[in-house]
Each structure stands twice: as C-alpha cells, then as structure tokens.
Amino acid sequence: MDYFDRRGVQFLFLNLGHLYDHLFMLLYATAVVAMAKDPAFQGSYGFLLALSTASFIAFGAGSIPAGWLGDKWSKHGMLTVFFIGIGTASILTGLATGPYAVAAGLLAIGVFAAIYHPVGIAMVAENAKTLGKELGINGVFGNLGVAMAAIVAGTLTDVINWRAAFIVPGVISIATGIAYMIFARNAPEPHALAKKDKFIGASRSEIRRAIAVVLLASAPGMLIFNATTNALPKVFDERLGDLASNLSQVGMWTFVVFVVASSAQVMMGMMLDKYRLKPIYLTAIFLQAPAVFFVAFAHHVGMLGSAAAMMFVVFSIIPIHDTIIARFTNKEYRSRVFALKYLVGLCVGAAALPMVGWLHTNMGGFETVFLVLAALAVFEAAVALFLPSRDHLTKTEPAAQPAE
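Residues numbered from 1 in each chain as written. Predicted model: local features only at pLDDT ≥ 70, side-chain atom pairs only at ≥ 80, totals over all residues. Heavy atoms only, no water.

Asker: I'd like a rundown of the overall build of the protein chain, residues and numbers included.
Answerer: Counting its secondary structure elements, the protein chain contains 16 helices and zero strands. Within the protein chain, contacts between residues separated by at least 24 positions form 86% of all contacts whose residues are at least 6 apart in sequence. (Helix = DSSP H or I, 4+ residues; strand = E, 2+ residues; numbered from the N terminus. Contact = heavy atoms within 4.5 Å.)

Here you go:
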C-alpha cells in the first residue's frame, strides 16, 4: 500500500476513532432515561446522571499520560488500545448489576476515551495537507458520534434493552481495534511535516497567550458542550411533547439536531483555511450566549430549531481551538499541548453532569440550566478577546510530506 493509500486509510481510522470516542461517552446520556425505570437502578435523574461524573474526570485527566505515551511509545499502539479498551469497558458496563457497577464501567470507558484526543487529533494535525479542512472533517465524525449515541442507545434500548446499548457498540469497537492492529502492524509511526514547522512571526509571548486563551476558554466551553450534549435527550423527552413519545423518537430528534449542527465543523474548517482566524473565532464565540439563552425558554417545534442553532454554534467552536493549538505549537510538544487542553476542558467539563442534575432537580428544571450555561458562554467570549490578532494562515506553511 503506497503512502497516499495508507494515508487515506489512516485518516478513516482516525475519523472512526473520533466517532467512537464521543459515541461511547454519550451512550449513557440516553440509556439513563430508561435505566431510571429499571428496579435495579431506581433513583432520580440527577442521581443516575451523576454516576458518569468520574468517567468525564477520567476522560480529561487521562489525556496527559495518554499524550505522553503517544509521543514516547507508539501512537499506533495507543490507538489500538483505545479501540479495544473502550469496547471492552462498554461491554462490562452493559453487564453491570447495580448503580455503582455502572459507575465503575463508565469510569473505565472514560479512561480509554482519554486516549483519542491527545493522540488522534495530533495524528490528524501532523499529517494534514489542509489543516482546517481535515480538522473540520475529523470534527464532523466526532459530532456524528455525539449524534449517533442518542439514536443507537435509544433504538437498542427500545428494541432489546438498555444493556444492548452498551454491549453491541462494544463488540463493534473491539472488531475495529483488531482491524486497526492488522493495518498498523508494519506501518511506521506517523511523523509531522518533513520540514520544520514555521510560524508567521509569532513571538514567544504570543504563543503563550494563544495557548492560555485556549486553556481558559476550554473550561467553560467544555462545561457547555458536556451539559448540552448530555442533557439534550432529557430536554427533548420533557419539551417535545407528542413529537417524542418514546425513547427511539427522542434519540431520532437528538440525532437530527446533532447531524445538522455537525456541518458547522466542515464549514468552519474550510473558513479557517481561507480567512483570518481571530475574526472567525470572535464571531462564533459571541453567537454562543444568545443561542443558549433562547433554548432556556423553547418548547415543541421551537425547541428543535433553537437546539439546532445552539449546537451548530457550540460545535463550530471546537475546530477553532484545535486549529489555534496546531498553528501555535511545534511538533515536538503538540500532543502534550492537546493533552493539556483536554485535561483542563474535560476535567472542568466533568462538573457539567452533577451541575445539570442538581439544577434540574432543585432549581427549576432546564430553564435554569440553560440560563447558567448562557452566563458561562459570556465569560468564554470575554476570554476569546485576548487571542493574538496576528494572522497565521496555513497556506503559507509547508505542505505535509511523507516521512523520509
């Protein structure tokens, strides 16, 4: 298999990995609606949702050692561990017999899910020909995973039971991992650009400031992302009325909203390859707060439209943060900066689950939840103002070349 064929297959596996990563992290968000009716798992929505908190903490905290192992040991090896490990953890979650066994299974899912972002996103960035476009395409697959989690979990729960929502995807992921292990067996480790990375006049202070902006913005950004993606199935269950009379329909509408919103990442990726980064970033980030605010008061068909607009904006911001890191960091430490970003964002974002559950149960339901998220979006927009304004267009950087 020549370089270009192998590069295409590698990119496919990386995209599937991003899809699986978000799918497995969000299967529980839909399955928990049915689990609340299982005698073995009786409890409030807030209590059961909070069982996945440790999973999201591990999702963030595990990114640092995962990024280090990817740099020092093997990115191919880490990706294989990701596919097989997350599939096995999902199967064990599906076999759990009580709430704390479920929490342990979800924790294991989070540990293996932590591998993908510092390893997989770095691999995409290192071998990209058009950085923004390929990060955007990869981001779409991640958002398809978010979207598919709802419809996969909802359909398997209605047709079989909630356990199948974890076991069936787990088997598929293990099979993918075996296929990737065979593909990567004789493949060289991925390398960054053959030429040294070039930055367009960025000073050391500008690089530090850009990384600081991403880290500070990722904290509220991931809180918003985790809260909206985890809460949306329950929001639709409460607010769509006759449009969603069972869990399959809830999953279907959640899938539709996420698929529509996922187009934002391809559009954003193409824009980032052609236009200046900061104006695009500020436009997206300043639209987020009003989009979240409108969802607080929406119902029925208006809920669908408002949710689609909100998720479109939320998803559009993700490739911008990844592009900032890819353009402002050198290849020798890029994986670790990606890992640090996900450590900060995902560990803080883990608070979204207990926050949503507590606000929903004790403070007036989802209206309060989304008003709090809108306030966080205002803070994130304020942080974005400090991004260096110097232009770093990828078209002036060297194109990706096969490793020598």
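Asker: Kindly report on the nonpolar core, identifying the contributing residues and their values.
Answerer: Among the nonpolar cores identified, the biggest contains 128 residues, and Phe 236 and Tyr 281 are the most heavily contacted of them. It is helix 1 (residues 3–35) that provides the largest number of residues to this core, a total of 17 residues. Not counting the four nearest positions on each side in its chain, Phe 236 is found in contact with Ala 244, Val 250, Trp 253, Thr 254, Val 257, Met 303, Leu 304 and Ala 307. (Core = buried A, V, L, I, M, F, W, Y, C linked by side-chain atoms within 4.5 Å. Buried < 20%, exposed > 50% of the residue type's maximum accessible area, 1.4 Å probe, protein only.)

Asker: Go over the pattern of salt bridges, please, and point to the residues and values.
Answerer: Here the structure, examined in full by the defined rule, presents two salt bridges. Linking Asp 237 and Lys 234 is a salt bridge whose minimum nitrogen-to-oxygen distance equals 4.0 Å. Here the residue Asp 237 and the residue Lys 234 both occupy positions in helix 10 (residues 204–239), the gap between them amounting to three residues, near one helical turn. Ionic pairing is found between Lys 341 and Asp 322, a salt bridge with its closest N-O pair at 3.2 Å. Taken as a pair, Lys 341 in helix 14 (residues 334–349) and Asp 322 in helix 13 (residues 300–328) lie far apart in primary sequence, 19 residues in all. (Salt bridge = Lys/Arg side-chain N within 4 Å of Asp/Glu carboxyl O.)

Asker: Quick rundown of the packing of aromatic side chains? Include the residues and the values.
Answerer: One pass over the structure, following the stated rule, counts 15 aromatic pairs. Centre to centre, the rings of Tyr 180 and Phe 183 are 5.9 Å apart; their planes meet at 45°, and the pair counts as tilted. Placement of both Tyr 180 and Phe 183 in helix 9 (residues 164–184) is noted, with a separation of three residues, approximately one turn of the helix. Each of the two residues, Tyr 180 as well as Phe 183, counts as buried. For the pair Phe 366 and Phe 370, a centre-to-centre distance of 6.3 Å together with 45° between the ring planes defines the contact as tilted. Of the two residues, Phe 366 and Phe 370 both sit in helix 16 (residues 366–384), four residues apart, roughly one turn of that helix. Overall, Phe 366 belongs to the buried group, its relative accessible area being 2%. Among the aromatic side chains, those forming a connected cluster through ring pairs are Phe 13, Tyr 20, Phe 24, Phe 82, Phe 83, Tyr 116, Tyr 180 and Phe 183. (Phe/Tyr/Trp six-rings, centres within 6.5 Å; stacked < 30°, edge-to-face > 60°.)

Asker: Give a description of the packing of helix 10 against helix 13 that names residues and reports values.
Answerer: Interaxial distance between helix 10 and helix 13 falls to 9 Å at its minimum, and their mutual angle equals 155°. Looking at the two axes, helix 10 sits roughly antiparallel to helix 13. The element helix 10 and its partner helix 13 pack so that their crossing is left-handed. For the contact of helix 10 with helix 13, the residue count by class is 20 nonpolar, five polar and two charged. (Axes fitted to C-alpha atoms, helices over the stretch in contact; angles between N-to-C directions. Parallel < 35°, antiparallel > 145°, perpendicular 65-115°, else oblique. Left-handed = near helix turned anticlockwise from the far one by under 90°. Nonpolar A, V, L, I, M, F, W, Y, C, P; charged D, E, K, R; others polar.)

Asker: Let's hear about unusual backbone geometry: which residues, and what values?
Answerer: One non-glycine residue with positive phi stands out, namely His 300, at about 55°. Within the secondary structure layout, His 300 lies in helix 13. Relative accessible area serves as the criterion here: at 45%, His 300 is assigned to the partly exposed category.

Structural measurements only, silent on function.
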